[in-house]
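Chain by chain, the residues run as shown.
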Amino acid sequence: TEEIQDKQAKWNGIPLLLQKLYENSHPNSDFSQCQSILKEISPLLSMEAMAFVTEERKSAQESTFPNTYTFDLFGGVDVSDVVTCCSCLFLFSFVQTEGVTKRLAERNDFVLFLFTLMTNKKTFLQTATLIEDILGVKKEMIQLEDIPSLSSLVSSFDQQQLANFCRILAVTISELDTGSDDKHTLLAKNAQQKKNLGPSRAEINQATLLNIPGFIERLCKLATRKVSETAGASSFLQELEEWYTWLDNALVIDALMRVADEETEQSSTESSDESGLANTSTRNQLPQSMKIMHEIMYKLEVLYVLCVLLMGRQRNQVHKMIAEFRLIPGLNNLFDKLIWRKHSASALVLHGHNQNCDCSPDITLKIQFLRLLQSFSDHHENKYLLLNSQELNELSAISLKANIPEVEAVVNTDRNLVCDGKRGLLTRLLQVMKKEPAESSFRFWQARAVESFLRGATSYADQMFLLKRGLLEHILYCIVDSECKSRDVLQSYFDLLGELMKFNIDAFKRFNKYINTDEKFQIFLNQINSSLVDSNMLVRCITLSLDRFESQSDIKVAEVLSECRLLSYMSQMSMRMSFLFRLINIIHVQTLTQENVSCLNTSLVILMLARRKDKLPFYLRTLQEMEYTKKYPGFILNNFHSLLRFWQQHYLNKDKDSTCLENSSCISFSYWKETVSILLSPDRTSPCAIVSYIDEAYMDIDREFTEE
């Protein structure tokens, strides 16, 4: 009867096989029986898995994949806790029938159990892929500390397995995506932080990884190991193109399984750290381009994990470790031959993609490398490891010539840990940055990486080091001569230009030499005014620099002040008031994000400098007059009052680090707080209180903050 029902329903015997599998999967059962049963089930699922690949992952439906549907319907997922079911589950999850992966993800004990299967080299790739798929849909992140014998598990991995394991780790140490930072308002983020008082699971997982002995050292070795290059440049490009075609159409799973099997056979004779890509016979049969592309993919995963750890709570600990393990000098040695090697754009186009697509491993590696440099340099004294010994000596010489104290971090930098060779990593980056095509997607990331080197307390020596290498002229060429249109790239250039020029009279002199006509200057102003959200950090830099220069009695400074178009422009009260009015007008409490909150701080800088000169009442009165001129009495000042109330809630939080505000402005945080308090005073007789300039009829300052 069961056979007749099975035939009519076209179940292909799957229910009966699952029943046998269940009966033989209990403790003390003969697992060889399980293996033979799985050999019967596996082809039924693997054919559908391959159909799924060749049909470019169209949505899986019962009619399209009947065997997979039947497998799930009769409890195949629940039976599959047995070790030998890993291959079957891998193929099953690959099809991703609706709800199956989610059901697996709900079983936390099963997910943790899967990690124990990674000790089996024959099923490592399948297990890793299955875990990655499950974690991708899991609502609540697992805790790595719950994985049985995690340290032993990680230490058992060879370098290739560790790189693949990083794909899983990337999910566990990254904060769950609740929306883009740009779209997620600070109001919503602050409310969420109040709910989550303790560290997040991602942060706990980061700490767990750092406690694994030798983990960071092995990642640094993986990130910096070299690739043997036996193929010439021309044959490499040809092979690369052929390999992409093969990868796009072949049944890749079988090839990967073959590589894994051969590695298992060699595991007894190779140490875990030395078993690399070029050691197995299978790999030697593959194109050289595939070996290099594998290495690129591995480095991608490793660099991502290191980047996340560098931005986490244990940042200083991570910094110390990756400096000790010479990550930066190692990446410097790989820069020309692997990270930024010459390539033909056409060779990097995947099937189904166009030449402007950023999906290729080569391009992704470059971006991940630049993100790592940005995280590494940002507000940390280890940034000087990006230089070599000669370049560090150059910084010292710049300080000596300018008769200013040498930067303490430069003096304290361990020369044994810096870059070697003719050029350090920062200099190499500047070289490729200046050669980058106008339409390149790398321009944004390159500018961000260099800007992070300048962030923190303003260093004249750091600025001059970059100015001497033509960075300012390059940025101005991109903004003015090529008339860059990309908003992201423009913002990164404006931010970099602001850090490069801040308080530096030589930079303003160079600016005036390059922007030497009214036409060029007008183009520059048009770019600034096209989006103040993008350019406000530069506006802040010019305002702060002008204020400092005006207080100096140096002849050279006075000369530049009188000649520089940019400083003369900003010295006009009407221009400063125009910027202030627009900066306040383009932001509101409900729309404040990490990206545009800088507009609020720039407007505060303008008013703090006015307060220093006892001109705060004049500025507030002028804002009031501008409101009436625009036929919107009370609109700007009510909005500004609300913004400052939010500023107090946001920046006076005990977890907030105020050093960034101090470093960017050279104004003490106490002066920031005092100025905001004075502006928010409820005393309508105070000449420095905002409420004194809002007529009673237009007063609207007590509204509660909501996201509506």
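Source: prediction; values computed, not measured. (Residues numbered from 1 in each chain as written. Predicted model: local features only at pLDDT ≥ 70, side-chain atom pairs only at ≥ 80, totals over all residues. Heavy atoms only, no water.)

Of regular secondary structure, the protein chain possesses 39 helices and zero strands. Partitioning the intrachain contacts of the protein chain with sequence separation of at least 6 by distance along the chain shows that 76% fall at a separation of at least 24. (Helix = DSSP H or I, 4+ residues; strand = E, 2+ residues; numbered from the N terminus. Contact = heavy atoms within 4.5 Å.)

Right, let's talk about helix α14 (residues 215-224) for a bit. The buried fraction of α14 amounts to eight of the ten residues, a majority that puts the element mostly inside the structure. Restricting attention to buried positions, one finds in α14 the residues F215, I216, R218, L219, C220, L222, A223 and T224. (Buried < 20%, exposed > 50% of the residue type's maximum accessible area, 1.4 Å probe, protein only.)

A full pass over the atoms with the stated rule returns 23 salt bridges. Across the pair D420 and R326 runs a salt bridge whose closest N-O atoms are separated by 3.6 Å. Here D420 is found in the loop between α23 (408-412) and α24 (425-435), whereas its partner R326 is found in the loop between α19 (315-324) and α20 (327-339), with 94 residues between them in sequence. Relative accessible area serves as the criterion here: at 34%, D420 is assigned to the partly exposed category. Between R612 and D547 there is a salt bridge, with the nearest N and O atoms lying 3.9 Å from each other. (Salt bridge = Lys/Arg side-chain N within 4 Å of Asp/Glu carboxyl O.)

Our focus in this paragraph is the confidence of the model for the protein chain. Considering every residue of the protein chain, the mean pLDDT works out to 81; 74% of them sit at 70 or more. Element-level mean pLDDT values for the protein chain span from 44 in helix α15 (residues 233-249) up to 98 in helix α26 (residues 460-467). For residues 52-60, every residue scores under 50 in pLDDT, and the model assigns this stretch 13 contacts once sequence neighbours within four places are set aside. Residue range residues 229-261 is modelled with pLDDT below 50. Its contacts to residues more than four positions away, or to other chains, number 45 contacts. (pLDDT = per-residue confidence, 0-100.)

Moving on: the packing of α20 against helix α21 (residues 361-377). α21 packs onto α20 with a crossing angle of 155° between their chain directions and a minimal axis gap of 13 Å. What the angle tells us is that α20 and α21 run roughly antiparallel. Of the two elements, α20 crosses α21, and the hand of that crossing is left-handed. Listed contacts from α21 to L327, I328, L331, F335 and I339 of α20 are L365, K366, F369, L372, L373 and F376. Along the lines of polarity and charge, the residues of the contact of α20 with α21 split into ten nonpolar, no polar and one charged. (Axes fitted to C-alpha atoms, helices over the stretch in contact; angles between N-to-C directions. Parallel < 35°, antiparallel > 145°, perpendicular 65-115°, else oblique. Left-handed = near helix turned anticlockwise from the far one by under 90°. Nonpolar A, V, L, I, M, F, W, Y, C, P; charged D, E, K, R; others polar.)

What follows is about unusual backbone geometry. The phi angle of most residues is negative, glycine excepted, and most peptide bonds adopt the trans form. Unlike most non-glycine residues, H379 shows phi in positive territory, near 50°. Structurally, H379 can be placed in the loop between α21 and α22 (389-401). A positive phi angle, close to 60°, is found at D614, a residue other than glycine. Tracing the backbone shows D614 in the loop between α35 (597-612) and α36 (616-629).

All right, on to the packing of aromatic side chains then. Taken as a whole and judged by the stated rule, the model has 17 aromatic pairs. Joined through ring pairs, the aromatic side chains of F115, F124, F157 and F165 make up one cluster. Above the plane of the ring of F453 lies K383, whose end atom (NZ or CZ) is 5.0 Å from the centre. For R548, the ring lying beneath its charged end belongs to F503, and the centroid distance is 3.7 Å. (Phe/Tyr/Trp six-rings, centres within 6.5 Å; stacked < 30°, edge-to-face > 60°. Lys NZ or Arg CZ within 6 Å of the ring centre and 35° of its normal.)

Attention now moves to the nonpolar core. Membership of the largest hydrophobic core comes to 192 residues, with the highest contact counts inside it found for F115, M118, F369, L466 and F524. Among the elements that take part in this core, helix α18 (residues 288-310) stands out by supplying 13 residues, more than any other. Among residues more than four places away in sequence, those in contact with F115 are I131, I142, I147, L153, F165 and I168. One finds I14, L21, I37 and I41 within the second-largest nonpolar core, a separate group that totals six residues. (Core = buried A, V, L, I, M, F, W, Y, C linked by side-chain atoms within 4.5 Å.)

Now for the packing of helix α30 (residues 518-530) against helix α31 (residues 532-550). Between α30 and α31, the shortest axis-to-axis distance is 6 Å and the interhelical angle comes to 115°. On the side of α30, the interface is formed by F524, I528 and S530, while α31 contributes L532, S535, L538 and V539. Taken together, the residues of the contact of α30 with α31 sort by class into five nonpolar, two polar and no charged.

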